[in-house]
Amino acid sequence: RLHIGILDIFGFEIFKHNSFEQLCINFTNEMLQQHFNENTFKLEERVYKEEGIDWDHINFIDNEPMIALITKKSIGILPILDEELKVPQGSDKGFLRKLGDKQSSCKIFEIARKDPMHFVVRHYAGKVEYDGNKFLEKNRDTLSTDMVEMLQTSSHPLINALYPPGENVSSTDRKSSLGKQFRGQLKTLMGQLNRTQPHYIRCVKPNDTKTPLQFIPKNCHEQLTYSGVYEAVAIRKQGFPFRLSHKDFAERYFKITKGNVSMTDGDAKSVSRAIIKHEKLDSKNVQVGKSRVLYRAMEYRQLELDWSIINKNETITKNLARLVRVDHNALGDDRKEAY
């Protein structure tokens, strides 16, 4: 069944004081940014490789190291935090000590110099300093059996969705940390997103006070930078955003050669090459791949302009031929004026 889903998310949170909640929110944004990168950059380059064309690699920020920093088994922030919950007399200080040891060589992580209970992560959107105090307490997030059973008796729809009546909660699930639950839910969400055909809408907040007609260039520049919009524009500009199959390209543009190229001159790929040669298009900006023709904006404008001129001339010629066939003497005065 076809449907449209909307995922609305505010974005990275970088406050004066950042704790476990901000880490989870920013982790979500890292995953969504990776999804955006995958669809915008990596898939674009994959198309070029599959088509076997010449292209220059475009550097973009790959946040895979960031996701590994947060989730990698045994050394990631959340796995170490979960492990500290199992240690007798586990503490926030012990968690940060182990994290600092495991990530001592990581370029996007560091223990804050001014306060050893704080650590710094260089996210895709910028550097964030987290307060490690109460991380264990917030991650523990355990509910007693009595509390769960009480919530399952609620008649409120939202509570029913969170704690379905009659559902048995295993001891394992009950002891599961908040971070582990969060990762599981996020994994499910990403699985759903990966099965969709995504479209992105980037919202830019022009000022911090939501004041109308107030534009702060620095704010907008930072948001466009951290959301990957500039990189998306760059890869589109340096890449080949226009592409048609050999058949579609040949059928659309063969007429602009004014008879010098015919659809019977060979297969669609050969016809496409002949059209490109006739139009004297720059070979750097238009390339014939294995299954389609890929070209840039300047070549697209030239092709479309010539195509429009040809079609306009055809329309004018047809109208003139129709007017010539009209017997004006047989028309009334009012219809003569119309013609």
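Here is what the cut-offs are and how they apply
Residues numbered from 1 in each chain as written. Predicted model: local features only at pLDDT ≥ 70, side-chain atom pairs only at ≥ 80, totals over all residues. Heavy atoms only, no water. Axes fitted to C-alpha atoms, helices over the stretch in contact; angles between N-to-C directions. Helix = DSSP H or I, 4+ residues; strand = E, 2+ residues; numbered from the N terminus. Parallel < 35°, antiparallel > 145°, perpendicular 65-115°, else oblique. Contact = heavy atoms within 4.5 Å. Nonpolar A, V, L, I, M, F, W, Y, C, P; charged D, E, K, R; others polar. Expected span 1.5 Å × (residues − 1). Buried < 20%, exposed > 50% of the residue type's maximum accessible area, 1.4 Å probe, protein only. Phe/Tyr/Trp six-rings, centres within 6.5 Å; stacked < 30°, edge-to-face > 60°. Salt bridge = Lys/Arg side-chain N within 4 Å of Asp/Glu carboxyl O. Pairing = 2+ DSSP bridges. pLDDT = per-residue confidence, 0-100. Core = buried A, V, L, I, M, F, W, Y, C linked by side-chain atoms within 4.5 Å.

### Quick look at the packing of helix α2 (residues 64-71) against helix α3 (residues 77-86)
Right, so step 1: Where α2 contacts α3, the axes come no closer than 3 Å and their chain directions differ by 0 degrees. With respect to α3, the axis of α2 lies roughly parallel. Contacts between α2 and α3 involve Leu69, Ile70 and Thr71 on the former and, on the latter, Ile77, Leu78 and Pro79.
Right, so step 2: Grouping the amino acids of the contact of α2 with α3 by side-chain chemistry returns 5 nonpolar, 1 polar and no charged.

### Side note on helix α14 (residues 297-324)
Right, so step 1: The end-to-end C-alpha distance of α14 is 40 Å, a good match for the 40 Å that 28 residues give at a rise of 1.5 Å each.
Right, so step 2: Considered for burial, the residues of α14 that qualify are Glu299, Leu303, Glu304, Ile310 and Asn311.
Right, so step 3: Buried residues in α14 make contact with α12 (246-253), α13 (268-279), β5 (286-288) and β6 (292-295).

### Quick notes on the packing of aromatic side chains
Geometrically, a pair of aromatic rings is defined through the distance of the ring centres and the angle of the planes.
Right, so step 1: With the rule as written, the count across this model stands at 12 aromatic pairs.
Right, so step 2: Measuring from ring centre to ring centre gives 6.0 Å for Phe242 and Tyr295, while their planes differ by 20 degrees; the resulting arrangement is stacked. Placement of the pair is Phe242 in strand β4 (residues 242-245) and Tyr295 in strand β6, with a sequence separation of 53 residues.
Right, so step 3: Its relative accessible area of 26% is what places Phe242 among the partly exposed residues.
Right, so step 4: These aromatic residues form a ring-pair network of at least three members: Phe20, Phe95, Phe109, Phe119, Tyr130 and Phe135.

### Describing unusual backbone geometry
Right, so step 1: Residue Lys134 is not a glycine yet carries a positive backbone phi of 70 degrees.
Right, so step 2: Residue placement: Lys134 occurs in the loop between β3 (126-131) and α5 (135-140).
Right, so step 3: Backbone geometry at Leu213 places phi at a positive 60 degrees, although glycine is not the residue there.
Right, so step 4: With respect to the helices and strands, Leu213 occurs in the loop between α9 (178-194) and α10 (217-226).

### Digging into the environment of Thr40
Right, so step 1: Within the secondary structure layout, Thr40 lies in helix α1 (residues 20-51).
Right, so step 2: Overall, the relative accessible area of 15% leaves Thr40 in the buried class.
Right, so step 3: In contact with Thr40, not counting residues within four places along its chain, are Tyr200, Ala232 and Ile235.

### Section: the pattern of salt bridges
Right, so step 1: Applying the stated criterion across every chain yields a total of 11 salt bridges.
Right, so step 2: The shortest N-O distance in the salt bridge between Lys247 and Glu251 comes to 2.9 Å. Taken as a pair, Lys247 and Glu251 lie in helix α12 at a separation of 4 residues, close to a single helical turn.
Right, so step 3: Accessibility expressed as a relative area gives 48% for Lys247, which makes it partly exposed.
Right, so step 4: With a closest N to O distance of 3.5 Å, Glu314 and Lys255 form a salt bridge. Here Lys255 lies in the loop between α12 and α13 and Glu314 lies in helix α14, a separation of 59 residues in the sequence.

### Some thoughts on the pairing of β3
Right, so step 1: One ladder, built from 6 bridges, connects strand β2 (residues 118-123) with β3; its direction is antiparallel. Residue pairing across strands places Val120 opposite Glu129, the latter belonging to β3.
Right, so step 2: Counting the residues in the hairpin turn of β2 and β3 gives 2 residues.

### Section: the confidence of the model for the protein
Right, so step 1: On average, the protein scores 88 in pLDDT, and the residues at 70 or more come to 94%.
Right, so step 2: Mean pLDDT across the secondary structure elements of the protein bottoms out at helix α15 (residues 333-338), with 57, and peaks at helix α4 (residues 92-102), with 97.

### Notes on the nonpolar core
Right, so step 1: Ranked by size, the top nonpolar core spans 29 residues in total, and within it Ile77, Phe95, Phe119, Val121 and Phe135 carry the most contacts.
Right, so step 2: Secondary structure elements with two or more residues in this core: α1, α2, α3, α4, β2, β3, α5 and α9.
Right, so step 3: Here this core takes 6 residues from α1, the largest share from any one element.
Right, so step 4: Phe135 has contacts with Ser19, Phe20, Leu23, Leu81, Asp92, Phe95, Phe119 and Tyr130, leaving out every residue within four places of it along the chain.
Right, so step 5: Ile256, Val271, Val286 and Val288 belong to the second largest nonpolar core, which has 15 residues in total.

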